[in-house]
Amino acid sequence: MDNCILIKPGTFHAREIAAYRGEMLAAGSPMDGTGILKHTEDVLEWLAYCLLCENEETVPQGLVAADQFVFVRKADEKIVGMIQLRRRLNNQLREFGGHIGYSVRPSERRRGYAKRMLKDCLAVCRAKGISPVLLTCRVQNEASRRTILANGGVYENTVFCEAEGESLERYWITL
């Protein structure tokens, strides 16, 4: 697999963030782990929002502090995935969302990026003292299930999320 790095996004990634967003929308892919990126075309607005979300005092009401990361392939600086780490769980996240959400760009799927990106994010969790870590995936998302299991996920149960109209599998990873 290509050499990639998990880093926080910055203005120097603006063109790649826009391209990632465009590819995800064109494919009709859920943009898990990207915050509000699906709903804003303005990359600078998204970056500012990500900074707000990093601090408990500035995170929008009803949300929890979170760290946004991009998974960048070093060879060409292409963003191949995005992942968001929520530092704690509120009631909604405890039931349906979990600590981590992630997605991989459609043109880069089936190359092991999600597995590696999650592994690197779990190292961040370990450093921040977040354990155990809750992850969820849609019942029909076999790729995400395999990614979670490959990183030590232990199945707890399946719940129905009425707001999304979907069943979600819940997994815990103890670090």
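Throughout what follows, the structure given in this document is the object of discussion.

Calculation notes
Residues numbered from 1 in each chain as written. Predicted model: local features only at pLDDT ≥ 70, side-chain atom pairs only at ≥ 80, totals over all residues. Heavy atoms only, no water. Salt bridge = Lys/Arg side-chain N within 4 Å of Asp/Glu carboxyl O. Helix = DSSP H or I, 4+ residues; strand = E, 2+ residues; numbered from the N terminus. Buried < 20%, exposed > 50% of the residue type's maximum accessible area, 1.4 Å probe, protein only. Pairing = 2+ DSSP bridges. Axes fitted to C-alpha atoms, helices over the stretch in contact; angles between N-to-C directions. Contact = heavy atoms within 4.5 Å. Polar contact = N/O pair within 3.5 Å; in protein donor to acceptor, adjacent residues only side chain to side chain.

**Topic: the pattern of salt bridges**
Within this structure, the stated rule accounts for 18 salt bridges. Ionic pairing is found between Arg 87 and Asp 67, a salt bridge with its closest N-O pair at 2.9 Å. Of this pair, Arg 87 sits in the loop between β3 (78-86) and α3 (91-97) while Asp 67 sits in strand β2 (residues 66-73), placing them 20 residues apart in sequence. Residue class for Asp 67 comes out buried when judged on its relative accessible area of 1%. In this structure, Arg 170 and Glu 156 form a salt bridge, with 2.5 Å as the shortest nitrogen-oxygen distance. Here Arg 170, found in strand β7 (residues 166-173), pairs with Glu 156, found in strand β6 (residues 154-161); they are 14 residues apart in sequence, far enough to count as distant. Looking at Arg 170, the relative accessible area reads 7%, which means it is buried. Residues joined in a network through salt bridges with shared partners are Lys 8, Glu 54, Asp 67, Arg 87 and Lys 128.

**As for the sheet that holds strand β5 (residues 133-138)**
Spatial strand order, β5-β7-β6: three strands in an open sheet with antiparallel pairing. Each edge of the open sheet is held by one strand with a lone partner, namely β5 and β6. Between one strand axis and the next, the sheet turns through 30° on average, direction left out of account. Alignment of β5 against β7, held across six bridges, turns out to be antiparallel. In the strand pairing of β7, Thr 136 is matched with Arg 170. Sheet contacts for helix α5 (residues 142-150): β5 and β7; angle to β5, the most-contacted strand, approximately 160°.

**Points about the side chain of Arg 170**
Within the local environment of Arg 170, its side chain forms a polar contact with the backbone oxygen of Arg 94, the two atoms lying 2.3 Å apart. In this structure Arg 170 touches Arg 94, Glu 95, Leu 134, Leu 135, Thr 136, Val 154, Tyr 155, Glu 156, Asn 157 and Val 159, once residues within four positions along its chain are discounted.

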